[in-house]
Amino acid sequence: MGSLGSYFMDVVYSFTSCMVCFPGSPNLKINSRSFKILRLLGEGGFSYVYLVEDSKTHELFALKKIRCPFGQESVSLALKEVEAYTLFSPHPNIIHSIDYSVEADKSDDQAKTVYILLPYYRRGNLQDMINANLVNHTKFPERRLMVLFLGVCKALKAMHQYKVKGGPGGAKSLGKAKKVRKEAAMADQELVENMEMRASRRHREGDDDDEQENEPFLEAEVTMAQEGIAPGGERAYAHRDIKPGNIMIDDDGKTPILMDLGSMAPSPTPITSRSLALQVQDTAGEHSTMPYRAPELFDVKTGSVIDTKVDVWSLGCTLYACLVGKSPFEARSDETGGSLSICVLGGDWRFPDEGPQRGKQKAAPAEDAISDSIKDVVRKCLAVEPSERPDVDELIHIVQGVLETLPEDGSED
Ligand SMILES: Nc1ncnc2c1ncn2[C@@H]1O[C@H](COP(=O)(O)OP(=O)(O)OP(=O)(O)O)[C@@H](O)[C@H]1O
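Residues numbered from 1 in each chain as written. Predicted model: local features only at pLDDT ≥ 70, side-chain atom pairs only at ≥ 80, totals over all residues. Heavy atoms only, no water.

**Student:** When you look at the pairing of strand β5 (residues 99–104) in this model, what are you seeing that I'm missing?
**Tutor:** Along any regular strand the residues' side chains alternate between the sheet's two faces. Counting buried positions along β5 yields 5 of 6 residues, so the element is predominantly enclosed. As paired strands, β5 and strand β6 (residues 112–119) are joined by 6 bridges and run antiparallel to one another. In the sheet register, valine 102 faces β6, and the bridge partner there is valine 114. (Buried < 20%, exposed > 50% of the residue type's maximum accessible area, 1.4 Å probe, protein only. Helix = DSSP H or I, 4+ residues; strand = E, 2+ residues; numbered from the N terminus. Pairing = 2+ DSSP bridges.)

The structure is reproduced here in structure tokens:
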């Protein structure tokens, strides 16, 4: 990474070693901005998310540290996530990144660490709210829940109906994109250096707010998918890991923010061969959380098409989890002792006060039952056949209709 690397990621002390060596709050610099690390917020497979404070302004941020131990391929994946953050910005319901950097590992030539600076959401995520409800024996006021749900649908609309940005020639050439994919290791190194140079130029020119900031800057999977599509043309992306833990709550308590864009991929994917079917199935196994994963991803069929309806399924599971406390298939497999995947593939789930949905039994009225109109939203999203699920426009229309029928919740906070 050389001197550019040190300019780009001017870490005051090595991030991890300083945490060990200095009893006070460790500091780090990202592109000449200094931050104090306050605490760990959460962790995922290869990442840690820290709460950090701008040393000058005392503003709080979340810093995602993605360790890339397997060389360029894993760097490329992390950079794909960075790229995704820039794609939809600004959107009121999709997280954006404030800055990013790539640091070479001093002890391992292959390993790198990608840092992504994000806005900090102090209220946590929807899963935290579900957990609090379970502990306190409370439930979401229905109207408030559906307002949150509508916000998530709007975030998905931006992804499912993404419009390609840029002027003529903005899209990259297909040949070049294919080369990037083919010569992954070499090209990924080039991508990292490209990012460094662009970031370095931006900072030198004091041009951080340039419009280009909103444009993809990598020829990775996300951008390549825009090949051949004119500016303004539609290029759908699926999030592929919709779940309560990936929906942050903004400070107003009413605005959901969709995050964790690392799993996002262009859509649709026609499954043209058995090997592609297996590849898509494996990727789903890595990137989407099982209790929220659509049935067509458990057993990917050659000749089928995987599209944005996978997100609609996950939305249905998410809404159910907000109402009941866990994914419908987790609940059903806990209840029956059966395997989760069998429950998903068979569409075997139920509301706690009802018979299995499979049997199409009518809802039995209960005291503090969930409104039928909300149950219907879950049922529509959880159609085993993807084509029977509503698309995001239909879903927004349905949810807006539900909101019209729901009374005010009283306390809105
Ligand atoms: N911007 C943020 N503000 C506050 N907390 C955050 C923020 N981003 C992430 N977190 C916390 O860190 C946790 C892990 O974040 P994230 O989901 O991005 O990591 P991940 O490695 O992609 O996780 P996963 O394994 O679920 O894909 C979140 O569940 C959340 O609790």
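There is more to say after this.
**Student:** Quick question: what am I supposed to make of the pattern of salt bridges here?
**Tutor:** Here the idea is simple: oppositely charged side chains can pair when their charged atoms come close. Counting across every chain of the model gives 19 salt bridges. Note that arginine 143 is salt-bridged to glutamate 408, the shortest N-O span being 3.6 Å. Placement of arginine 143 in helix α5 (residues 142–160) and of glutamate 408 in the segment after α15 (392–405) is noted, with a sequence separation of 265 residues between them. The exposure class assigned to arginine 143 is buried, which follows from its relative accessible area of 19%. You can call glutamate 408 exposed: its relative accessible area is 58%. (Salt bridge = Lys/Arg side-chain N within 4 Å of Asp/Glu carboxyl O.)

**Student:** Explain helix α12 (residues 328–336) here, please?
**Tutor:** Along an α-helix, residues three or four positions apart point the same way, because every turn accommodates 3.6 residues. By the burial criterion, the buried members of α12 are Pro328, Phe329, Ala331, Arg332 and Ser333. Those residues of α12 that are buried lie in contact with α11 (309–324) and α13 (340–345). Phi for glycine 337, located one or two positions after α12, is positive at around 75 degrees. (Contact = heavy atoms within 4.5 Å.)

**Student:** Honestly, the site of the ligand in this entry has me stumped. Any pointers?
**Tutor:** Looking at the ligand, there are 19 residues lining it, with Ser47, Lys64, Pro119, Tyr121 and Asp260 nearest. Within the backbone of tyrosine 121, an N or O atom sits 3.0 Å from a nitrogen atom of the ligand. Within the side chain of lysine 243, one N or O atom sits 3.3 Å away from an oxygen atom of the ligand. Secondary-structure elements contributing two or more residues to the shell around the ligand are β2 (33–43), β3 (47–54) and β4 (60–68). For the shell around the ligand, the residue count by class is 9 nonpolar, 7 polar and 3 charged. Viewed by domain, the shell around the ligand spans two of them, domain 1 (25–120) and domain 2 (124–166 + 234–353 + 368–405), each represented by three or more residues. (Near = heavy atom within 4 Å. Polar contact = N/O pair within 3.5 Å; in protein donor to acceptor, adjacent residues only side chain to side chain. Nonpolar A, V, L, I, M, F, W, Y, C, P; charged D, E, K, R; others polar. Domains from an automatic or database assignment.)

**Student:** So what exactly am I meant to see when it comes to the sheet that holds β2 here?
**Tutor:** Pairing in this open sheet of 6 strands is antiparallel, and the strands run β1-β2-β3-β4-β6-β5 from one edge to the other. Across the chains shown, the open sheet's two edge strands, defined by having one partner strand only, are β1 (27–30) and β5. Along the sheet, successive strands turn relative to each other by an average axial angle of 35 degrees, direction set aside. Examined bridge by bridge, β2 and β3 share 7 bridges and lie antiparallel to one another. Bridge pairing in β3 places lysine 36 opposite glutamate 53. This element, helix α3 (residues 72–87), spans β4, β5 and β6 of the sheet and lies at about 15 degrees to β6. (Axes fitted to C-alpha atoms, helices over the stretch in contact; angles between N-to-C directions.)

**Student:** I would appreciate a short explanation of the packing of α5 against α15 in the present structure.
**Tutor:** Each pair of packed helices can be described by the angle between their axes along with the distance between the axes. At a minimum axis separation of 10 Å, α5 and α15 run at an interaxial angle of 160 degrees. By the angle class used here, α5 and α15 are roughly antiparallel. For the crossing formed where α5 meets α15, the hand is left-handed. Side by side, α5 and α15 meet where Arg143, Met146, Val147, Phe149, Leu150, Cys153, Lys154, Leu156, Lys157 and His160 of the first sit next to Val392, Asp393, Leu395, Ile396, Val399, Gln400, Val402 and Leu403 of the second. In terms of residue class, the contact of α5 with α15 is built from 12 nonpolar, 2 polar and 4 charged. (Parallel < 35°, antiparallel > 145°, perpendicular 65-115°, else oblique. Left-handed = near helix turned anticlockwise from the far one by under 90°.)

**Student:** Sorry if this is basic, but what is going on with the UniProt feature "binding site: ATP" (unreviewed entry) in the chain here?
**Tutor:** Within this structure's numbering, the places UniProt gives as "binding site: ATP" (unreviewed entry) are Lys64. Tracing the sequence through the fold places lysine 64 in strand β4. Take lysine 64: its relative accessible area is 10%, and that puts it in the buried class. In this structure, lysine 64 is in contact with Ser47, Tyr48, Val49, Glu81, Tyr85, Val114, Tyr115, Ile116, Leu118 and Asp260, ignoring residues within four places of it in sequence. A polar atom in the side chain of lysine 64 sits 2.9 Å from the side chain of glutamate 81. (UniProt positions renumbered as here; feature names shortened; annotations may be inferred.)

**Student:** Can you help me understand the state of the cysteines in this one?
**Tutor:** Disulfides are covalent bonds that link the sulfur atoms of two cysteine residues. Summed over all chains, the structure comprises 0 disulfides. Of all cysteine sulfurs in the structure, the one in cysteine 381 sits closest to cysteine 153, which takes part in no disulfide; the separation is 7.2 Å. Under the relative-accessibility criterion, cysteine 153 is labelled buried at 0%. Judged by its relative accessible area of 1%, cysteine 381 is buried. (Disulfide = S-S within 2.5 Å.)

**Student:** What's the story with the domain arrangement of the chain in this structure? I'm lost.
**Tutor:** For an interface, size is often stated in terms of accessible area lost upon the parts coming together. We note that the domain assignment places domain 1 (25–120) and domain 2 (124–166 + 234–353 + 368–405) within the chain. Computed over C-alpha atoms, the centres of domain 1 and domain 2 are 26 Å apart. Facing the 14 residues of domain 1 at the interface are 17 residues of domain 2. Buried area between domain 1 and domain 2, both sides added, is near 1400 Å², and the carbon and sulfur share of it is 61%. There are 1 salt bridge connecting domain 1 and domain 2. As a salt-bridge pair, aspartate 260 and lysine 64 come within 3.5 Å of each other at their nearest N and O atoms. The interface formed by domain 1 and domain 2 includes 4 residue pairs in polar contact (both at pLDDT 80 or more). (Buried area = accessible area lost by both parts, 1.4 Å probe.)

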